[in-house]
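Here's the letter readout for the chains.
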Amino acid sequence: MTTTSQGDTTTPAMLIQHISDPHIGAARHGHRNPETGENTADESVIRCFEHAIRTGQERGVAAQIISGDIWDRGTPTPEMIARVIDPLRESIRNGIQVIAEDGNHGRHGVRPGHRGPAELLRAIGVTVYDQVGMHTVETHSGPLHVLGVPWPQRAVLAHQAGVDDVDPAQLDEILADYLTELIEDQMEAADMGAGEHLVVSSHITINEGTLHRGSETVVNPKGVFEEIQLPIEALTATGAHYVALGHLHEHQDVGPRASYSGSLDRLTFGEAEDPKGTLLVGLTDADPTREFIPTPARRLLNLHLDADTEPDLSDLEPGTLVKAHLAPGERVVPEPIRKTITAAGARLVKTKPAPMKRTVTATKIQNGLTLTDATRQWAKAEKLDSTTTQKVLDRINNYL
Ligand SMILES: [Mn+2]
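Presented here is a report on the structure given in the accompanying data block. (Residues numbered from 1 in each chain as written. Predicted model: local features only at pLDDT ≥ 70, side-chain atom pairs only at ≥ 80, totals over all residues. Heavy atoms only, no water.)

## Some points on the layout of surface pockets
- Empty space within the largest pocket amounts to approximately 620 Å³.
- Forming the boundary of the largest pocket are 27 residues, of which Arg 107, Asp 130, Trp 151, Gln 153 and Val 156 lie nearest the centre.
- When residues of the lining of the largest pocket are traced back to their parent elements, those giving at least two are helix H3 (154-161) and helix H4 (168-189).
- Looking at the lining of the largest pocket element by element, the count peaks at 4 residues for H3.
- Its residues placed into classes, the lining of the largest pocket shows 13 nonpolar, 7 polar and 7 charged.
- Considering only enclosed or pocket space, the second largest pocket measures out at about 320 Å³ in volume.
- In terms of lining, the second largest pocket is formed by 18 residues, of which the most central are His 31, Thr 40, Arg 298, Gly 319 and Leu 321. (1 Å grid on protein atoms, 1.4 Å probe; cavity = no way out; pocket = protein on both sides within 12 Å on 5 of 7 lines; lining within 4 Å. Points joined across faces, edges and corners; volume = space filled by probe spheres on them. Helix = DSSP H or I, 4+ residues; strand = E, 2+ residues; numbered from the N terminus. Nonpolar A, V, L, I, M, F, W, Y, C, P; charged D, E, K, R; others polar.)

## Re a negative patch on the surface
- A contiguous patch of negative charge, built from Glu 173, Asp 177, Glu 181, Glu 184, Asp 185 and Glu 188, is present on the exposed surface.
- Within the secondary structure layout, Glu 184 lies in helix H4.
- Judged by its relative accessible area of 43%, Glu 184 falls in the partly exposed class. (Patch = residues over 30% accessible without salt bridge, like charges linked within 9 Å, V, L, I, M, F, W, Y side chains within 5 Å. Areas by Shrake-Rupley, 256 points an atom, 1.4 Å probe, with all protein chains shown as cover. Salt bridge = Lys/Arg side-chain N within 4 Å of Asp/Glu carboxyl O. Lys, Arg positive; Asp, Glu negative; His and termini not counted. Charge placed at Lys NZ, Arg CZ, Asp CG, Glu CD. Buried < 20%, exposed > 50% of the residue type's maximum accessible area, 1.4 Å probe, protein only.)

## Side note on the nonpolar core
- Within the largest apolar cluster, 28 residues are counted, with the highest numbers of intra-cluster contacts made by Leu 235 and Leu 245.
- Elements with a contribution of two residues or more to this core: strand E7 (142-149), H3, H4, strand E8 (197-203), helix H6 (233-236), strand E9 (242-246) and strand E11 (258-260).
- In terms of residue count, the dominant contributor to this core is H4 (6 residues).
- Those residues in contact with Leu 235 that lie beyond four places of it in its chain are Val 149, Ile 183, Val 200, Ser 202, Ile 204, Ile 206, Leu 230, Val 243 and Leu 245.
- Val 45, Cys 48, Ile 66 and Ile 70 belong to the second largest nonpolar core, which has 27 residues in total. (Core = buried A, V, L, I, M, F, W, Y, C linked by side-chain atoms within 4.5 Å. Contact = heavy atoms within 4.5 Å.)

## Topic: the side chain of Lys 323
- Along the chain, the position of Lys 323 falls in strand E15 (residues 321-325).
- This buried residue, Lys 323, is left without a salt bridge; Asp 306 holds the nearest opposite charge, at 9.8 Å.
- Every residue in contact with Lys 323, bar those within four places of it in the chain, is listed here: Phe 269, Leu 301, Asn 302, Leu 303, Lys 350 and Lys 352.

## Observations concerning the pairing of E8
- Burial of E8 is extensive: 7 of the 7 residues sit out of reach of the surface.
- Relative to E8, E7 runs parallel, the two being bridged by 6 bridges. The residue bridging Leu 144 from the neighbouring strand is His 197, located in E8.
- In this structure, E8 lies alongside E9, joined through 5 bridges in parallel fashion. Each bridged residue has a counterpart across the sheet, and for Ser 201 the counterpart in E9 is Ala 244. (Pairing = 2+ DSSP bridges.)

## Quick notes on the sheet that holds E15
- Pairing within the open sheet is parallel, and its 3 strands lie in the order E14-E15-E16. If you trace the sheet from one side to the other, it starts and ends with strand E14 (300-304) and strand E16 (347-352), each paired once. Pairs of neighbouring strands in the sheet enclose a mean axial angle of 25 degrees, with direction left out of account. (Axes fitted to C-alpha atoms, helices over the stretch in contact; angles between N-to-C directions.)

The structure is reproduced here in structure tokens:
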């Protein structure tokens, strides 16, 4: 457990848990577990989710806020729905308030106007937001106000705002202004007592150049083109004690009062090195405290045979999933390395060949050049040394 940043020394008035992007049902790089018959990727994301929810219960949090992408798609199987409902029902039985939204993945495959899977959680007492709105829940530590700002899908916002016939280049700016006004309207209408806490929860991309997307763009290459972005100020200007962000899968703080807690598991090899977990957030009158609680995320290893053909694999832990980056010219992972991986109880799940060596360059060749001159130009563009150039010319001359 590490504290990512320390707020004021004031004793937290309320402890909440920020969870995001569980992606239940994400089967990437999974295989059938012979002991259980289940997909190992399914098992891993569920293990992370159950661990996160149980940790919040054990630490006696007042609320668990899930900032979107609970499921990997909008049409989860009944079993995947049950795997989410079971632990959350336990939280509610323990007197924990649960607040959640669908996120972009929860909307995929769901018809406009139809309910996404998160809506099913309402039946067990979860507070679900599907539009910009304030929700006040009574926790065991007092009232908590949660301003929900769901994933800002461009088409949905444009429809809501009644925007048509505008310059497409200005559409996003118009919609960002519209969304910011919706947030401001909610704050003006808010009824908050002195000393009460406000949290904003949103599945959103904050448009700051320093942010890292993590695996979100890989698991969802389309979604980022369907959304609009907001500056963080649009959310922090509410005066919220904490802004719980979801959507970007890399855990990162956005200033003293906002964080992406990050996905619960490692979904792609791009995040093999990233810590995964949830945040315990202590709400105070000043900046919140944030404690990162790691989840039992699966181990992924990028094996760079392109940099080292005889890597030291003595530390390889059982269960590790391996992606081999092949050396140039190799087409398969060499047998001894494959054997070492298997003997360690690890598993080779992906092989990436080195990029093809470029052999021909399109050099701009003028009309009327002799073959010798054209060859010299090409050799220069390819930065061939004089000896090699001469060899090429000799070979050509032999054919002439
Ligand atoms: Mn996500």
